[in-house]
Structure formats: structure tokens, C-alpha cells
Amino acid sequence: MRRHSRRTPAATAALAASALLLSACGAPDGGGDSDSAAGKVEGQVTFQTWNLKARFQKYFDGVIAEFEKKYPGTKVKWIDQPAEGYPQKLSADAAAGTLPDVVNVSPDLAYPLAKAGLALDIGAAAGKYRGEYLDGAWRSQQMPGLSGVYAFPWYLNTGPMFYNKDLFRKAGLDPAKPPTTYDRLFADALTMARKSDRRIAMLAGAPSIEDFGRYGVRLMDARGTEFTFNEPKGVELLTHYRQLYAAGALDAQALTAVAESAGRKFQQQSVAMNPGSALDLENFKRDAPGLYENIGITDAVNNTGKANMYVQGLMVSADSKVKPAAVAFAHFVTDRRHQMAFAKQVAVFPSTKGSLDDPYFTKEDGTDATRVRVAAAKSLKTAVNYTPVVLSDQMKTVLRNAVARALQGKQSPQEALDSAVAECNRLLKTG
Amino acid sequence: MGMRNAAAAVAPRDSGRRRGIRTHLPTSPWLFLAPGLLVVGGFSLYPFLSTVAHSFTDARTLRAGRFTGGANYQEMLHDPMFWTGLRNSVLYVLGVVPPLVVLPLLLALLVRRSVPGIAFFRAAFYLPVVASVVVVGLIWVWLLDDRGLINALLEVLGFGRAGFLSDPWLLLLSAMAVTVWKGLGYYMIIYLAALAQVPRELHEACAVDGAGPVRRFLTVTVPAVRATMVLVAALSAVNAFKVFSEVYLMAGAAGGPGGEDTTLVMLVQQAGTGLSGRVGYASALSVVVFVLTLGLMLSVLRANRGEDR
Amino acid sequence: MTGAAGRRRRAAGWSLAARYLLLLAVLALTVGPFLWQLSTSLKGPGEDIYRFPPSLLPHHPTLANYAEVARVIPVWDFALNSLKVAAANVLTNCAGAALAGYALARLRFRGRRVAVVVFIMAMLVPVESIMIAQFMTLRQLQLHNTLLGVVLPGCIGAMNVLLMRNAFAALPYEVEEAAFVDGASAWQRFVRIALPSVKGTLAVVAVFAFMGAWDDFLWPLIVLNDQSKFTLTVGLNYLHGTFADNQRLVAAGSVIAVLPLIVLFAGLQRYFFRGVGEGAVKG
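Residue numbers here run from 1 along each chain, matching the order of that chain's written sequence. The naming scheme follows written order: chains are lettered A onward, ligands numbered 1 onward. In view of the model being predicted, local features appear only for residues whose pLDDT reaches at least 70, and side-chain atom pairs are presented and counted only at 80 or more, with totals across whole chains, interfaces and linings using the full set of residues.

Re the overall build of chain B
Alright, step 1. Along its length, chain B carries 15 helices and zero strands.
Alright, step 2. Think of it this way: build a C-beta for each residue from its backbone, and any pair within 7 Å is a contact. In chain B, once contacts between residues fewer than 6 apart in sequence are set aside, the share between residues at least 24 apart is 71%. Elements are defined by DSSP. Helices are runs of H or I of four residues or more, strands are runs of E of two residues or more, and each kind is numbered from the N terminus.

Laid out in C-alpha cells, this is it:
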């Protein structure tokens, strides 16, 4: 039936991992063997990236050739997975014991793998490298309830808020003064909706966990064992959003929006503000020239003084047969020189100490792209990854549904958040 | 009445079963069946046994489970999302099966006769079937968006905009419409294969009798392809009950605002996906989906057999 | 020419015109929505693809996006892999489903009803719940990361078996009677008489099998590791950039993916209109 169910493909179809979990390999502390990375750097290392081959083949071929030359007797086999279905691919490989030696993961993917004993504790195996990385980036690879660090920090990203000056102007708002506080943001959003007769919304999406984080809501207790986003600050944020939704200041489709659909709304110019990254400028120019002429750039509003960042890492499989070589290679790819070179290929940011002080990230040259890059690099020095690594996809759905019920007025913000916290805690405890 | 019998005589639905052919070595049916049984047994039914086993545990994607008895099933009964999903899956069957049984048949009749350029039309009508569901989702989201083509049209005509992608009920209806749209060509070709076995003389005989097209359709065509209509009803009912992609692509991963448009299979995916997936709970949901679709399929087939007598 | 004949011809003319009108109406409904994708794939850089109201005609039509797709990914290698997988899937499904369907419809034996129910149950197993188990089986067979592994689990679909059973069951009993009297074996009757009579349904199974293999994404993604073995749907996914989506390339990719299927369908469609008439009974 698979061949004919018109349901399976693509973006979406995720698989409910059935069956056959890991055999006896790896007790939860299986990655802790600190001596395993010692030894001669040799053998074939399988290196898996996430959707980088199509654009950066040359860069990686170079890195690999250099590594093989530096360590004679090593060979790196590079495989690259396409954009969609990455968690499913990892699930199947983890279950069948076919994980590659070095794997590109974000912290939320690394956490379950580390917890299952499938990720090598880098802190124990290669703690000597810790000093090379930004503190925040290194810490973002720590996992609550586990003692180690389970991936080398790799590239970072963060972004500004883009806004549409033309829409601001039409709503009687000053296009040179985008909101910098939440109070202003909410007030401007209501003005925008009123002046446009609910046709133009300020924001495209309902608040996600990072919005709660940015607003200054305490998401979890200090030990990372319980969710706490139903505290008064969280209720306050949700109450504001509820007013926005009722007034038409959030897009009508906000309750089902995802990053892509929000981006589309912004490019269609039916939404006036949207978060993005330096890479988006290129897209606007090519796909929505009308918007590009009117693009405004500002910092994302927050109450904490810390921007949100996205982190990628390189994990080493605890079952790797060539641990010394795998660790050496993962470090090689993420060392300062190679991260810097990669950051110059595409607008991402290195997680190594000192790299962000490079003139490339500090000197403006008058173009928008550089301006965005410089501002992002500056904010990254203190940025944090607000999304707790223990927040699973299932918990994200719980939160999303609770937020939707509150915005629609089916539940009070307090009730909605209380029930979401209770459900997330239950999922966390039984995990 | 006579015409009906004539149609039944040329297209006996189950002659093999009734009259049977016995002259063969006792093993040969099993030799015919062996490859098929091996593949579906080894790659569908056998793995499903582990799903059934998992449904009684609290397994996660990366953690073997402990036996928890019927806890997952109990949780399901108390999970409001399960009931929402069940309601939507049932509504989906009721909404899409009738059009998917009738419209593809009419379409098959329309393209059946050879007229110049017909090959082009036939292939074009099949396009929605072969296009990937992601592309189809993208297109319809674009069309049905608040600022999409269809709302622009409604506005020009003075109806005002409709929240096809924001109102939970309209979202469900929109997803059904896309399912029907994408299913037309699929079931059309099943009908075409069946219609090819209805002798044309029958139609001509009727036409000479002075029967109009509607009467000919009801008295000749429908009885002749009744077995196929039942098959299409069963297949489309099962597919509708297990709907996932259309709702996912139009209403988002959570299944509409607050999950109000979620379906049972979406719940399976939500529960089981990812490295922290709740395999135990997702398996229990899968087992329920399996049992309900089996019941649905068998009852459609049985209803047909009952009518036969 | 008699008046009656003239009237009949005029009536036929009207009915032909009505038929074309209907065909065109359905055409607009089924193909219309795709024009947007086609148009996006032909738009040059700097054209606003999000403007409202949307413009369907590209201002600077270009095929550059298609060339770019071929530059970014080895699209022909991917297509060749897909073709291999799809062709194998067609062969195994046609053969396996016809054999099983014939036995279920035309042969009488103990356990036949049970066998039908087995296929119905197999058809209803929710695929998403068994994928990892299937993958573990493949690994035990050492078939992971091979195209054979991609084909194997779906190589005889239960629904195709049921479709073939339905087709064989609809054949008049008389079709086989003569051969039966001649003492032909079940195999001979199957090959010489029954099979040629169900060409239409075989073509349906072929199209479904080809389409299923061609469109499948998640299973080949899980089975295959080496990019050199990727199928087209998996490979086209590389067009969704990690850092930036180019809608024009994605649109061009989806056109590339759909074209072979339409060509295949156009080539096979005439078989759907053949049935008993052209089969064994008369010829």
C-alpha cells in the first residue's frame, strides 16, 4: 500500500518510529568513556551533513582533502542529507545502529541521542578544546540531566527583524522608528490593524517558545526538570497576543502559520514585520523587489538583553569504530580557521572564540548586508538559544494548541498555559 | 428490467467463485500466491506485529519500552484530541466518498469516447494525481489564501472574503475539496479499465430502444460497473479515513487552529515522530486506525454482498 | 440526404460541441492550478513572484531556472535511479499481482477467503508505523543503501492484488471454458487466456506502481545514504536550501518531476480502453 497511499511523500510525512529500538548497545552513560578518543587517528570516517552539499561541495571537498593530508591513513566519506525528513532518517539509523561517525545535529536532535547513549561525550573525550569555543555555544550543547557535552559547537545564526517601511508609512507610523519595546510593538500593531481596516497585520505568527523566552518568561526551573512558562509573565505575554489576534493585528492564519508561510505573507506585503536573517535580503531582492525597496531592518525586541540564536553542532557517534579519527575530524571542521572560512561562504557565524572580532564581522561598508552581519555578530556574543533542548516536537504541539485556544478565546491564557505546562511536564517525566 | 439482467449476464462479477475451476494440481494456487504473500507478509504484516506489541508498552523512539498493559488505550479514551481526530476522520469519509464514487465515473464516461485530441485531455486530467502532494498543497494554499486568487475573485463578485485557511470548518472542507480534486483522475482510470469490459453493443441496443442518456447511465452503465463502484467506495473510504497530507499541508502540523482539524493519522504522526517520539502511544493509535479501517472495508464489501442476494 | 439523417447529424454536432465544452471545463479545473507553478519556473530574477494580484505570464520568460537545477544537483543521475526503481516496481507489481489476483479470482482452493483477507489486512497496515521495522529487516538482509532495498517492500502491493482479483473475477466464465475442456493447466489458462483479457487493469497497475515508486520520498530517504543512489524526489529536495529557498528552482524541479509521469500516462492511456473486446474471446 505504501506505493499507492498518496500520503507518504515529502515535507511532511513523518514516521512514527515503530519497532525495534536499540538493541543492547549503549546504556545511558555509554558515551562517557573518556579514553575512547585517545589513540591513533586513522581509518575511514563517515561524515554526515544536513543539506549542505548542493551549495558548498567545494568548501567541504577542500576541508576533507586537507584533513586526509594532515592525517595520513584517514579517509573521510562525506554524505549529505536533504532538507526534509532529517529526524526520521536519524531515527531509523539510530534504531538500526547505522549512525555515521560524525553527524551534523542541532541541540534538540542531539539531546535524545545523547540520552540514549548514542553520542560521545565530547567534554570527556575532548575537553581540552573547550577553550576554543564561545562559552554560550559550548554551553548550548550541554544537556539537562546529563553530565557531558555531546557535540562540538559549529555554526551559529541569528537575525534581525525586517519591517515594511511602506506599510508603516501608510498606517501613519514613522518608518524610521520601528518599535524597540514590547509596549510600542503592541501599540503599533493595533494601530496598523485599525488604520488598514484589518487588512494588514503586524505579525504573521502566534508566539512560540522563543517568543516567551525573549519576553523574559522563565521557561524551566534551574535544573531543567520542570516547565514554568505559565508564570505571570507568560500569562501577560499571551494576554497581549490575544488582544492583537482579536484586533486583527496578528494575521488571520497565524494559528496555523509556520516559518515559511510567515515569510510568504511578509513577501506578499500583507504582514508588516517578520524575523529573518541576513540571507533573506538576497531573497527579497530576487523574489519581491517591491518589498526590497521598502525594507527596514531593526533588532528583534526582547526584555532580556539577549538575542535568540540557532546553533548547529557536530556529534560523534558513541558506537563509532574510529573514535580518534572522528573526534579529530569533528574538531578540525569546527576549528577557528575552518569556521571562519565557512562563514565567508554563506551568512552564518562561527562559534569559535575571537572569530566574531574579525574585521569581517565588525567593519561596516555601507551595504545593508554588511550592516545586518555586523549587528548580528555583535548580538551573538551574548545570545542564547532560548528553546530548551528537552522540548520535544510533541511538547511543541501541546504549546501551540494551548496558545491557539487562548488566542481564540476558548480558554483564558492562564488556563491554557497551566494545562500546557502540566502536559509538557508529564511528557518530560515519562520520557 | 430485462436490460438489467442482460448487463448482469455480460459482466458477471464473480463467476469464478460460483462455478470454480477445479482442474489444477492442489499446490498451484499457492504457487501463484507465494510471491505476493511473501512480500506482504514479510514487509507489512510481520512488522505490524511489532507495532501491536509496542502498543502495550511505553516505548520511545530511542528507548525500549516497559509493558504497561492497556495504559495507552486508556489514555486515548481520555485524550480529547483522539475524539477530535476520530470525528474529523469520520467526517472526511462522509465528505469525500460520495463525490469520489460518482465524479470519476462521469469523468471516465466523458473521456471514454475517442474524439480528436482526447489523449491530451486524458493525460491532463491525470495531472493532479501524479503531481506530488507537496506541490499540490503549495498550489492550493496559494489559491485559497486570504490574499489568494479565489478570495480575490469572491471579493470582485461581492461575496467578501472567506477564511478558507483560518476557519477550522472551512479548512476541513477545503482539504476535502483538494482530496476529491486529486482523486478524480486516480479513480477515473480504475473505472476506465472496468468500462472497457462493458460491451458497446449494450449501449447501442439501449439507444435504439430510445432510452435517454440518463436512463442508459442508470440502467446499463451503473449495473455493469457496480463491482468497481464498490471497490472505489471501499478504497476511497479507507484512504479518506487515513487522510494526512492534505490536512497537514493546508492546516499545518498541529492540524488547524488548536488542532481542531486533526485526523487520526495526524495524531499517529504527531505522537510518534522524531527522536523523542512516543512509539508506544503512536502504535496504539495505529492499531486503532487499523481495526477501524478493516471494519470499514469489510462492512462496505459486506453491504454489497447483502444487496446481491 | 433525408431530413432525419440531417437532424441526426446536427444533433451529433451539437453533442460533440457540448462534449468539448465539458472537456475544456474539466481541463481548466485540473490543469489550471498548475499554471502558476509553471509560470513561476519560467520567471527571471527580479520579477516579483509574490505580487498581488498575481501575474501568470512571466515578464522575462527564461529557461535558466531549469539549467540551474541541473547545475545545482545531478538531476539526470537522480532521474535514472528513479527510472530503475520505478521500472522494477512496475514489473514486479504486474507479475506478482496478476499471479495472486488470478489465483484469488479463478482458482478454487481451501484458504482462498483467508488469503483475500490477508491481502486486505496488508493493504490497511499504517505504513508510518512499520517503516523502522522494515528498515531493520533490510539491514539484516544487507540491502540497506541499495536500490533493491528501495523496491523490495512495495514490490507487490496488496491493493494491486485486489485490483487484479477484481478484474479477473469480472471475466465471463466462458472465456476459459474452452481451454479448460482442452485440458490446459492453470498456468496455461492464465498466460494464454486470462492475462490478455485484463490488459486494461494491468495498465492501471503499471501506472500506479510507476507513480508510487516515482513519488515516494521517505522510504528511499531512509534506505539510501550515497547521493549517487538517490532517487529524483529525494534529490530534488536539495533544492530547498538550508539557508534560502529559491522558489523558481523548486517550481522548475516539480515540473521536471511530473513530466515523465505525464508522458508515461499519455503513452499507456489507450490500453485503459481495451478490454474483453480486444482480448481473448474474439481474437
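So, the overall build of chain A
Alright, step 1. Each helix and strand counted, chain A has 18 helices and eight strands in total.
Alright, step 2. Taken against the 2.2 N^0.38 rule, which gives 22 Å for 431 residues, the C-alpha radius of gyration of chain A at 23 Å falls within 12% of a compact globule.
Alright, step 3. Judged by the C-alpha coordinates and their principal axes, chain A covers about 70 × 50 × 50 Å.
Alright, step 4. Here the C-beta atoms are placed from the backbone, and a residue counts as buried if at least 20 other C-beta atoms lie within 10 Å of its own, exposed if 12 or fewer do, and partly exposed otherwise. For chain A, the proportion of its 431 residues judged to be buried stands at 58%.
Alright, step 5. When contacts within chain A are restricted to residue pairs at least 6 apart in sequence, long-range pairs at least 24 apart make up 76% of them. Each radius of gyration is computed over the set of C-alpha atoms, and the globule rule expresses the reference value as 2.2 Å times the number of residues to the power 0.38.

Topic: the environment of Arg139(C)
Alright, step 1. Within the secondary structure layout, Arg139(C) lies in helix α5 (residues 131–140).
Alright, step 2. The contacts of Arg139(C), once residues within four sequence positions are left out, are Ala96(A), Thr98(A) and His144(C).

Observations concerning the interface of chain A and chain B
Alright, step 1. With 42 residues of chain A at the interface, the matching set in chain B holds 47 residues.
Alright, step 2. Mapped by element, the contributors of at least two residues to the side of chain A that touches chain B are α2 (86–96), α3 (107–115) and α17 (393–407) of chain A.
Alright, step 3. Ranked by residue count, the leading element in the side of chain A that touches chain B is α17(A), at seven residues.

Details of the sheet that holds strand β7 (residues 295–298) of chain A
Residue and element names in this part refer to chain A.
Alright, step 1. One bridge is not enough; two strands pair if DSSP finds at least two bridges between them. Strand order across the open sheet formed by three strands is β6-β5-β7, with antiparallel pairing between neighbours. Because the sheet does not close on itself, it has two edges, and the strands there are β6 (273–275) and β7. Averaged over all adjacent pairs, the angle separating strand axes in this sheet is 25°, with direction ignored.
Alright, step 2. Looking at chain direction, strand β5 (residues 161–164) and β6 are connected through three bridges and run antiparallel. Within β6, the residue paired with phenylalanine 162 across the bridge is asparagine 274. Lines fitted to C-alpha atoms define the axes here, with helix axes fitted over just the stretch in contact, and angles between the N-to-C directions of these axes take values from 0 to 180 degrees.

Some details on the packing of helix α5 (residues 80–112) of chain B against helix α12 (residues 226–241) of chain B
Residues and elements named next belong to chain B.
Alright, step 1. Interhelical geometry of α5 versus α12 gives an angle of 150° and a closest axis separation of 8 Å. In this structure, α5 crosses over α12, and the sense of that crossing is right-handed. Residues Ser89, Tyr92, Val93, Val96, Val97, Leu100 and Val101 of α5 form the contact with α12, whose own contacting residues are Met229, Val232, Ala233, Ser236, Ala237, Ala240 and Phe241.
Alright, step 2. When residues are grouped by polarity, Ala, Val, Leu, Ile, Met, Phe, Trp, Tyr, Cys and Pro land in nonpolar, Asp, Glu, Lys and Arg in charged, and all others, Gly among them, in polar. Of the residues belonging to the contact of α5 with α12, the class tally is 12 nonpolar, two polar and no charged. Each crossing gets its hand from how the near helix is turned against the far one by less than a right angle, where anticlockwise is left-handed and clockwise is right-handed.

What to know about the interface of chain C and chain B
Alright, step 1. The interface is formed by 78 residues belonging to chain C together with 74 residues belonging to chain B.
Alright, step 2. For the side of chain C that touches chain B, the secondary structure elements donating two or more residues are α1 (3–41), α3 (75–106), α4 (112–124), α5, α7 (158–169), α8 (174–181), α10 (199–215) and α13 (247–268) of chain C.
Alright, step 3. Take the side of chain C that touches chain B: its biggest share by element is 12 residues, from α1(C).
Alright, step 4. Of the residues in the side of chain C that touches chain B, the class split is 57 nonpolar, 14 polar and seven charged.

Focus on the nonpolar core
Alright, step 1. What we call a nonpolar core is a set of buried Ala, Val, Leu, Ile, Met, Phe, Trp, Tyr and Cys residues whose membership is set by joining through C-beta atoms within 7 Å. Counting residues in hydrophobic clusters, the biggest one holds 325 residues, and the most contacted among them are Leu113(A), Phe329(A) and Leu285(B).
Alright, step 2. Among the elements that take part in this core, helix α9 (residues 168–195) of chain B stands out by supplying 17 residues, more than any other.
Alright, step 3. For Leu285(B), the residues in contact, after removing those within four places along its chain, are Met76(B), Leu264(B), Leu267(B), Val268(B) and Ala271(B).

Things to note about the domain arrangement of chain A
All names here are of chain A.
Alright, step 1. Either an automatic procedure or a domain database provided the assignment from which the domain bounds are taken. Looking at the assigned domains, one finds that chain A contains domain 1 (35–158 + 310–380) and domain 2 (161–307 + 387–430).
Alright, step 2. Placing a centre on the C-alpha atoms of domain 1 and another on those of domain 2 gives a separation of 30 Å.
Alright, step 3. Between domain 1 and domain 2, the residue contacts involve 17 residues of the former and 12 residues of the latter.
Alright, step 4. Secondary structure elements with two or more residues in the side of domain 1 that touches domain 2: α3 and α16 (368–380).
Alright, step 5. With eight residues, the top contributor of residues to the side of domain 1 that touches domain 2 is α16.
Alright, step 6. Residue classes in the side of domain 1 that touches domain 2 are distributed as nine nonpolar, four polar and four charged.

Some words on the sheet that holds strand β8 (residues 310–316) of chain A
Residues and elements named next belong to chain A.
Alright, step 1. The mixed open sheet is built from five strands, whose spatial order is β2-β1-β3-β8-β4. The outermost strands of the open sheet, each flanked by one partner alone, are β2 (74–81) and β4 (152–157). If you compare each strand with its neighbour and ignore which way they point, the axes differ by 20° on average.
Alright, step 2. Its contacts with the sheet place helix α13 (residues 323–334) against β1 (43–50), β2, β3 (102–105), β4 and β8, and it is angled at close to 155° to β8.

Description of the environment of Ala64(C)
Alright, step 1. Turning to its location among the elements, Ala64(C) is positioned in helix α2 (residues 64–72).
Alright, step 2. The spatial distance from the C-alpha of Ala64(C) to the C-alpha of Gly267(C) is 29 Å, given a sequence separation of 203 residues.

A few points about the pairing of β4(A)
Residue and element names in this part refer to chain A.
Alright, step 1. Taken across its six residues, β4 has five buried, putting it largely inside the fold.
Alright, step 2. Alignment of β4 against β8, held across four bridges, turns out to be antiparallel. Looking across to β8, one finds that phenylalanine 152 is bridged to leucine 314.

What to know about unusual backbone geometry
Alright, step 1. Positive phi is not limited to glycine here, since Asp197(A) has a value of about 55°.
Alright, step 2. Considering the arrangement of structural elements, one finds Asp197(A) in the loop between α7 (182–195) and α8 (209–215).
Alright, step 3. Accessibility expressed as a C-beta count within 10 Å gives 8 for Asp197(A), which makes it exposed.
Alright, step 4. Positive phi values are uncommon outside glycine, yet Gln142(C) reaches one of about 60°.
Alright, step 5. Relative to the elements of secondary structure, Gln142(C) occurs in the loop between α5 and α6 (147–151).
Alright, step 6. The class for Gln142(C) is exposed, based on 9 C-beta atoms found within 10 Å.

Details of helix α9 (residues 232–247) of chain A
Residues and elements named next belong to chain A.
Alright, step 1. With 16 residues, α9 ought to run about 22 Å at 1.5 Å a step, and its terminal C-alpha atoms sit 23 Å apart, in line with that.
Alright, step 2. Among all positions in α9, only Gly234, Val235, Leu237, Leu238, Tyr241, Leu244 and Tyr245 are buried.
Alright, step 3. At the C-terminal side of α9, glycine 248 shows a positive phi close to 85°. The span expected for a helix works out to 1.5 Å for each residue beyond the first.

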